[in-house]
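Breakdown of the fold
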Protein chains: 2
Amino acid sequence: MRNLIKSGALLLSLVLSLLLCSIVGQAAELPLVKKQRFELATFTTQSGTTLKQVQVGWEAYGQLNADKSNVILITHYFSGTSHAAGRYQATDAAPGYWDAIIGPGKAIDTNQFYVISVDTLANANVKDPQVITTGPASINPATGKRYGLSFPVVTITDFVEVQKALLDSLGIHKLHAVVGASMGSFQAIEWAQRYPARVQRLVPVIGTAYIDAYSAIKLERWAYPIKMDPHWQQGDYYDKPQQPTAGLAMALAWITLDALNPAGFNQKYPDLRADKAAHLDIRASFSALDQLLAVATQRASLQDANHLLYLVRASQLWRAGMGDNWQQAIKNIKAPVLWLPAAGDLLLTPQMAQQSQQALSADGTRSTANQLSLIPGQMGHLDGLFNIQAIAPELKAFLQQPL
Amino acid sequence: MRNLIKSGALLLSLVLSLLLCSIVGQAAELPLVKKQRFELATFTTQSGTTLKQVQVGWEAYGQLNADKSNVILITHYFSGTSHAAGRYQATDAAPGYWDAIIGPGKAIDTNQFYVISVDTLANANVKDPQVITTGPASINPATGKRYGLSFPVVTITDFVEVQKALLDSLGIHKLHAVVGASMGSFQAIEWAQRYPARVQRLVPVIGTAYIDAYSAIKLERWAYPIKMDPHWQQGDYYDKPQQPTAGLAMALAWITLDALNPAGFNQKYPDLRADKAAHLDIRASFSALDQLLAVATQRASLQDANHLLYLVRASQLWRAGMGDNWQQAIKNIKAPVLWLPAAGDLLLTPQMAQQSQQALSADGTRSTANQLSLIPGQMGHLDGLFNIQAIAPELKAFLQQPL
């Protein structure tokens, strides 16, 4: 009898747990995510080079509906990958970077939308087993050797064209929205201006329609530590005993520095008072830099120095339409737009988003939305990634608006 | 008779010219400036090293009055020298950096004040024949060789102490005001907190009472190109055939980049549209960077790499009082203060000046002025140097106010 009661209680608690799991799961958790591979037999870059066997990874969340009209494309940021949400394994330490807004019931609701995300060409995290990309670290099928710097310069437009080829292969010809942060905003904007009939809504997060000379030279400073690393060897290091790891790590440290703002940085890293050795030797470092570099060195283990240089160049060359007049090109965009700069962003500033927004409405003929809201926060550019939930209701409403 | 008339006319025109010269001269032009040399037989740094035969250059504008009560000290910025105003030769291409506000009838009126300015220790422009400084490039009298990195770390306090020794030697014990831009503001603040009875007015221009971890790491990025230059050789390059000139030039380029803001940079340097090669090779540069580097390389010819590293370190370590609590130390300041940050400054931001101002008034006991005004402009940090005339009337009024 006592056992029977115990069994009954056990059963009840099991049923309750399952019920709870299912409710919570439906409201918050994606099923495990699977990385998929897309291969193009040939791909011709904007610069005119034809590459063979171009591969990229992609993943998706939610269900594609019958008429394939419920697709939202997420384009990833500079240091990011296609892993925008969910987990590959239940034991993964963290979910994809925008898990706060992508999932069942969330702002980008996977109960409603089929959300798809694609690794860029020359993705920085080429050594991450979950990343599939083609870039200078890839084997050139024609030679059997790594491309190195013989890989062509690739552009934001090239990233978009690879994504388009994937979507075409899946029979997807309309996008309910394209949403991307930072370098992902460049791709999202280029999608909307290049294929205005396909893109129904556009959300550039911490984004801009152009990179100016000032920003391009700031980006060049990220490239500098790699180019100065004696082991970089003009990009021909793959078969060498020494790798440009130190330069790569310093590049990543500068990227983090530029992506934070003073408040965020000072909150995250130790202050200077403990750094007594620095008062006695100009070579002595600061613990804030040591910590910044330690994290950067760890991240560098999944990255490739040349890939980072190619992403720097793709970003430096970014302007809507990739021609000489981005202000004109941006007017091709027909989709309603929601600009979401981060209030404290010193890298791609709210002013750049405002300039982009103004250029889009400059001729006064637009009848669709061209809104801008600031993401609040203390982390500068990074608020576009890690404080994105702060504008989730507004994003959700924008995506739900009928055309 | 004709000759007599001609002579008379000539005489008249000569008298008129002289009169005009004297009026104009009194209103706008300083007499030619002479660099002077000050030597200390011994000087003990804050870090406890005693240096012998420490020399610095100085210059002055205006006349010292009988009771030596009309002295204004100008403390110079990172890349600057004691040449704050006037010309050494009538043929000089440009006057000292603050000539717009220092001179007869100007905001810092040399008809009224004796204005004095001193080269810092480890001044960056050690190869400028008009600069006299002691630093790692100097000959160590004990060895007959250059100090290199055996030169001790020097601090803002050390700069102040050398200035104080000079003023003591001149019998000057009160300062009507100390006025300094950027790194000069650090010295000015340290003067006022360390010698509150001597400093009667304080004007920190594009200044701050502290450097936080974020700013210190940004400054470390200036040091990085030098430390990475293979010819730097841990500072021991003076007798070597190769010099770390490339690293020094890149350091100066990054300094200019950080001292400008986007509007100023994009106005001054070419945009990216002409840079066609950059689309074909990730090694191809941008004309904006080429121009930035060309100017930097020219400036580097007067500078020393180690000196720049020592100034970076002095700036990184700056906090009022040089202890663990700058907020407490700053309260030693008794002088009325006029903070003059530049509105568009991304290097030493208006927020840093505001934080400093607030710390000074934090205990609510101050009865003297603690004002702040923004210098307008498009050039970021550099507006504190080259648009200083925009706040000249306010500066003049502040300096004229009785205590």
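On a predicted model such as this, the values are computed, not experimentally measured, just so you know.

Here's the deal with the pattern of salt bridges
- For the coordinates displayed, the defined rule picks out 26 salt bridges over all chains.
- For Arg283 of chain B, the salt bridge identified is with Asp281 of chain B, shortest N-O distance 3.2 Å.
- Residues joined in a network through salt bridges with shared partners are Lys35, Glu59 and Asp119 of chain A.

Quick notes on the pairing of strand E9 (residues 177–181) of chain A
Residues and elements named next belong to chain A.
- Along E9, five of the five residues are buried, which leaves the element largely enclosed by surrounding structure.
- Bridge count for strand E3 (residues 71–75) against E9 is four bridges, and the pairing is parallel. What sits directly across from Thr75, in E9, is Gly180.
- Two elements, E9 and strand E10 (residues 202–205), share four bridges in a ladder whose sense is parallel. Across the sheet, the residue bridging to Val178 is Leu202, located in E10.
- As for the winding sense of the linkage, the β-α-β connection from E9 through helix H3 (residues 183–194) to E10 is right-handed.

Here we look at the packing of aromatic side chains
- Counting across every chain of the model gives 25 aromatic pairs over all chains.
- Residues Trp191 of chain B and Tyr195 of chain B carry aromatic rings whose centres are separated by 5.6 Å and whose planes lie at 55 degrees to one another, so their mutual orientation is tilted.
- Taken together, the ring pairs in this structure connect Tyr224 and Trp254 of chain A together with Tyr224 and Trp254 of chain B into an aromatic cluster.
- Geometry around Tyr195 of chain B places Arg198 of chain B over its ring, the cationic atom sitting 5.8 Å from the centre.

A closer look at the relation of the copies chain B and chain A
- Superposing chain B onto chain A takes a rotation of 180 degrees plus a shift of 0.0 Å along the axis, which leaves an RMSD of 0.0 Å. Given the turn and translation reported, the copies of this chain are related as if by a two-fold rotation axis. By C-alpha distance to the rotation axis, the residue of chain B lying nearest is Met228 of chain B, at 3.6 Å.
- A share of 100% of the interface residues of chain B reappears at the interface of chain A, consistent with the copies meeting face to face through the same patch.

Points about the interface of chain B and chain A
- Across the boundary between the two partners, chain B contributes 51 residues, which contact 51 residues of chain A.
- Regarding the contact of chain B and chain A, the summed buried area is about 4,900 Å², with carbon and sulfur atoms giving 67% of it.
- Per-residue buried area on chain B facing chain A is highest for Tyr214, Arg221 and Ile282 of chain B; these three make up 18% of the total on that side.
- In this structure, the connection of chain B to chain A is made through four salt bridges.

Focus: the nonpolar core
- Of all hydrophobic cores here, the largest spans 270 residues; its most connected members are Trp98 of chain A together with Trp98 of chain B.
- Sequence-distant contacts of Trp98 of chain B, that is, excluding residues within four places in its chain, are made with Ile74, Ala84, Val179, Gly180, Ala181, Val205, Gly384, Leu385 and Ile388 of chain B.

Comments concerning the environment of Leu338 of chain A
All names here are of chain A.
- Tracing the backbone through its elements, the reader meets Leu338 in strand E11 (residues 337–339).
- When the C-alpha atoms of Leu338 and Pro95 are compared, they prove to be 25 Å apart, with 243 residues separating the residues in sequence.
- Among all residues touching Leu338, those that are not within four sequence positions of it are Leu202, Val203, Pro204, Gln371, Glu394, Leu395 and Phe398.

Notes on the environment of Gln89 of chain B
- In this structure, Gln89 of chain B sits in the loop between strand E3 (71–75) and strand E4 (102–103).
- Residues Gln89 of chain B and Val56 of chain B lie 33 residues apart in sequence; the distance between their C-alpha atoms is 21 Å.

Points about the UniProt feature "active site" (unreviewed entry) in chain A
Residues and elements named next belong to chain A.
- Taken from the UniProt record, the annotation "active site" (unreviewed entry) applies to Asp345.
- In this structure, Asp345 sits in the loop between E11 and helix H10 (350–360).
- In this structure Asp345 touches Ile206, Pro350, Gly380 and His381, once residues within four positions along its chain are discounted.

Here we look at the pairing of E3 of chain A
All names here are of chain A.
- Most of E3 is tucked away: five of the five residues are buried.
- Burial along E3 is two-sided: the residues Val71, Leu73 and Thr75 and Ile72 and Ile74 are all buried.
- Both E3 and strand E6 (residues 114–118) contribute to a ladder of four bridges, which runs parallel. The partner of Val71 across the bridge, within E6, is Tyr114.

Structural notes on unusual backbone geometry
All names here are of chain A.
- The backbone phi angle of Met322 is positive, close to 60 degrees, even though this residue is not glycine.
- With respect to the helices and strands, Met322 occurs in the loop between helix H8 (305–316) and helix H9 (326–329).
- In this structure Met322 comes out as buried when scored by relative accessible area, which is 10%.

With respect to the packing of helix H5 (residues 245–259) of chain A against helix H4 (residues 213–228) of chain B
- Here H5 of chain A crosses H4 of chain B at 140 degrees, and the two axes come no closer than 11 Å. Looking at the two axes, H5 of chain A sits oblique to H4 of chain B. Here H5 of chain A runs over H4 of chain B; the crossing is left-handed. Note on element contacts: H4 of chain B touches H5 of chain A through Tyr214, Ile217, Lys218, Arg221 and Tyr224 of chain B, opposite Met250, Trp254, Leu257 and Asp258 of chain A.
- Along the lines of polarity and charge, the residues of the contact of H5 of chain A with H4 of chain B split into six nonpolar, no polar and three charged.

Topic: the packing of helix H2 (residues 156–169) of chain A against H3 of chain A
Residues and elements named next belong to chain A.
- Relative orientation of the contacting elements H2 and H3 amounts to 65 degrees, with a least axis distance of 9 Å. Taken together, the axis directions place H2 and H3 in an arrangement best described as roughly perpendicular. Where H2 crosses over H3, the two elements pack in a sense that is right-handed. Residues Ile156, Thr157, Phe159, Val160, Glu161, Gln163, Lys164 and Leu167 of H2 lie in contact with H3, whose contacting residues are Met183, Phe186, Gln187, Glu190, Trp191 and Arg194.
- Grouping the constituent residues of the contact of H2 with H3 by class yields seven nonpolar, three polar and four charged.

Quick look at H10 of chain A
- Looking at H10 of chain A, one finds that the buried residues are Pro350, Met352, Ala353, Ser356, Gln357, Ala359 and Leu360 of chain A.
- Each element contacted by the buried residues of H10 of chain A is listed here: helix H4 (213–228), H9, E11 and strand E12 (370–372) of chain A.

Describing the environment of Ala137 of chain B
All names here are of chain B.
- Examined against the element boundaries, Ala137 turns out to sit in the loop between strand E6 (114–118) and strand E7 (139–140).
- Residue classification places Ala137 among the buried residues on the basis of a relative accessible area of 8%.
- Along the sequence, Ala137 and Ala274 sit 137 residues apart, while their C-alpha atoms lie 41 Å from each other.
- Look past the residues within four positions of Ala137 in its chain and what remains in contact with it is Val126, Arg146, Tyr238, Asp304 and His307.

Some points on helix H7 (residues 287–300) of chain B
- If you check H7 of chain B, its first and last C-alpha atoms are 19 Å apart, about what 14 residues at 1.5 Å a residue would give, namely 20 Å.
- Taken residue by residue, H7 of chain B has Ala288, Leu289, Leu292, Ala296 and Ala300 of chain B as its buried positions. For H7 of chain B, the angular spread of buried residues about the axis comes to 100 degrees, placing them on one side.
- Buried positions along H7 of chain B lie against H4 of chain A together with helix H5 (245–259) and helix H6 (262–268) of chain B.

Side note on the domain arrangement of chain A
Residue and element names in this part refer to chain A.
- With domains assigned, chain A is organised as domain 1 (30–210 + 319–400) and domain 2 (216–311).
- The centre of domain 1, based on its C-alpha atoms, is set 26 Å off from the matching centre of domain 2.
- Domain 1 puts 32 residues into the contact, and the matching count from domain 2 is 25 residues.
- When domain 1 packs against domain 2, close to 2,500 Å² is buried across both sides, 65% of that on carbon and sulfur atoms.
- Scanning the region where domain 1 abuts domain 2 turns up zero salt bridges.
- Here domain 1 and domain 2 share 16 residue pairs in polar contact (both at pLDDT 80 or more) between them.

Considerations on the side chain of Ser315 of chain A
- Within the secondary structure layout, Ser315 of chain A lies in helix H8.
- One polar contact links the side chain of Ser315 of chain A to the main-chain carbonyl oxygen of Leu311 of chain A, over a distance of 2.9 Å.

Conventions adopted
- Residues numbered from 1 in each chain as written.
- Chains lettered and ligands numbered in written order.
- Predicted model: local features only at pLDDT ≥ 70, side-chain atom pairs only at ≥ 80, totals over all residues.
- Heavy atoms only, no water.
- Salt bridge = Lys/Arg side-chain N within 4 Å of Asp/Glu carboxyl O.
- Buried < 20%, exposed > 50% of the residue type's maximum accessible area, 1.4 Å probe, protein only.
- Helix = DSSP H or I, 4+ residues; strand = E, 2+ residues; numbered from the N terminus.
- Pairing = 2+ DSSP bridges.
- Right-handed = clockwise from strand over helix to strand, strands pointing away.
- Phe/Tyr/Trp six-rings, centres within 6.5 Å; stacked < 30°, edge-to-face > 60°.
- Lys NZ or Arg CZ within 6 Å of the ring centre and 35° of its normal.
- Least-squares fit on C-alpha atoms with pLDDT ≥ 70 in both.
- Contact = heavy atoms within 4.5 Å.
- Buried area = accessible area lost by both parts, 1.4 Å probe.
- Core = buried A, V, L, I, M, F, W, Y, C linked by side-chain atoms within 4.5 Å.
- UniProt positions renumbered as here; feature names shortened; annotations may be inferred.
- Axes fitted to C-alpha atoms, helices over the stretch in contact; angles between N-to-C directions.
- Parallel < 35°, antiparallel > 145°, perpendicular 65-115°, else oblique.
- Left-handed = near helix turned anticlockwise from the far one by under 90°.
- Nonpolar A, V, L, I, M, F, W, Y, C, P; charged D, E, K, R; others polar.
- Expected span 1.5 Å × (residues − 1).
- Arc of directions from axis to C-beta.
- Domains from an automatic or database assignment.
- Polar contact = N/O pair within 3.5 Å; in protein donor to acceptor, adjacent residues only side chain to side chain.

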